[in-house]
Amino acid sequence: MTTDARIATRMTALRACMWMFLVLAGITGTYHGWRVLSAHHQHVSDALLGGLVAGGATALGALPVWFCQTLSGKLQDSLLGFGAGVMLAASAFSLVMPAVAAAGDLGMGTWTAGLVVGGAILLGAAALLVLDQSVPHEHFIKGREGTDPRTLRRAWLFVFAITLHNLPEGLAIGVGYAGTDALRASALAIGIAIQDVPEGLVVAVALRAAGYGRGFATAIGMATGLIEPVGAVIGAALIGVSAQLLPWGLGFAAGAMLFVVSHEIIPESHRKGHEAWATCGLMLGFVLMTLLDTALA
């Protein structure tokens, strides 16, 4: 074995160890945080379960990369559009509407409730905009974006982008369990999990197309779901501190999800000329999430 081959092998082993450490650290931290919080707050335990379901769905979606080589552009954009539709419906019916209702329950008038929820939506979108501008990351089609990405390897840029996608979903699940009824929160978690399946597949396929091996692409695609149970616990814990935070938390999560849909998912799904396929996927996702929210509400 040549010197270059030995170095490459050692670097691959080092990266694998780093990923294993990050995964174990995330699982350990989530478990201990859940134990502390769920002892006094049942909604935190429920939120963690919902986050784990969504994260598991992402992992499930990444598995087929072990067995397939490519994913057609039309199917990829249809799946992205489907995820966008689910997130749009979830934002409207499982977050914004309960936020307005929660504000009313706190004694706010209709105008005040609307202003509070609207302000929270803008804050959530602004927070994601700051992350988008300050954290170097890479879109699967558009390319690199953010400040000074030259010092980061391409794989880490992908991970940052995926984190920006999944963090609002985890927060939304946690806020949902802390503030809405259990059935509506479950509908939100199920809807996000459903759209996470194609999202995990698209992520893994994109990494495979970028030149990474099947094992690495599948592992990273599965690992991207780890942020969702962490975000769910954080969201549930924060909102559980005070009922006054509920309208703000629901609106913030909705704004973050709307930003991801408008700024990331829809532009990516339209960039290769498959707008009709992406739009059909969006409509199907929106209708499915609406049905879930209606059936489980």
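Residues numbered from 1 in each chain as written. Predicted model: local features only at pLDDT ≥ 70, side-chain atom pairs only at ≥ 80, totals over all residues. Heavy atoms only, no water.

Student: Can you help me understand the overall build of the protein chain in this one?
Tutor: Helix and strand counts for the protein chain stand at 10 helices and two strands. In the protein chain, the succession of helices and strands from N to C terminus is α-α-α-α-β-β-α-α-α-α-α-α. Taken across its 297 residues, the protein chain has 45% of its residues classed as buried. Put simply, 80% of the contacts in the protein chain that link residues at least 6 apart link residues at least 24 apart. (Helix = DSSP H or I, 4+ residues; strand = E, 2+ residues; numbered from the N terminus. Buried < 20%, exposed > 50% of the residue type's maximum accessible area, 1.4 Å probe, protein only. Contact = heavy atoms within 4.5 Å.)

Student: In this structure, what is going on with the nonpolar core? I would like to understand it.
Tutor: Leu95, Ala172, Ile173, Ile192 and Met257 are the most contacted members of the largest nonpolar core, which totals 42 residues. If you list the elements that add at least two residues to this core, you get helix H2 (42-62), helix H3 (73-105), helix H4 (110-134), helix H5 (154-179), helix H6 (182-209), helix H8 (227-241), helix H9 (246-270) and helix H10 (275-296). Residues in contact with Met257, not counting those within four places in the same chain, are Met87, Ala90, Ser91, Leu95, Pro168, Ala172 and Ile192. (Core = buried A, V, L, I, M, F, W, Y, C linked by side-chain atoms within 4.5 Å.)

Student: So what exactly am I meant to see when it comes to the side chain of Asp196 here?
Tutor: Checked against the element boundaries, Asp196 lands in helix H6. Buried within the structure, Asp196 lacks any salt-bridge partner; its nearest side chain of opposite charge belongs to Lys272, at an N-O separation of 19 Å. Excluding residues that lie within four positions of it along the chain, Asp196 makes contacts with Ala54, Ala57, Thr58, Asn166, Glu169 and Glu228. (Lys, Arg positive; Asp, Glu negative; His and termini not counted. Salt bridge = Lys/Arg side-chain N within 4 Å of Asp/Glu carboxyl O.)

Student: Just checking my understanding: could you explain the environment of Met289 for this structure?
Tutor: Along the chain, Met289 falls in helix H10. For the pair Met289 and Ile192, spaced 97 residues apart in sequence, the C-alpha separation works out to 8.7 Å.

Student: So what exactly am I meant to see when it comes to the packing of H3 against H4 here?
Tutor: For any two helices packed against each other, one specifies the inter-axial angle together with the distance between the axes. Axis separation between H3 and H4 bottoms out at 9 Å; the angle between their running directions is 135 degrees. The pairing of H3 with H4 is recorded here as oblique in orientation. As for the relative orientation of H3 and H4, their crossing is right-handed in sense. Facing Val96, Ala99, Val100 and Ala103 of H3, the residues of H4 in contact are Ala113, Val117 and Ile121. For the contact of H3 with H4, the class distribution of residues is seven nonpolar, no polar and no charged. (Axes fitted to C-alpha atoms, helices over the stretch in contact; angles between N-to-C directions. Parallel < 35°, antiparallel > 145°, perpendicular 65-115°, else oblique. Left-handed = near helix turned anticlockwise from the far one by under 90°. Nonpolar A, V, L, I, M, F, W, Y, C, P; charged D, E, K, R; others polar.)

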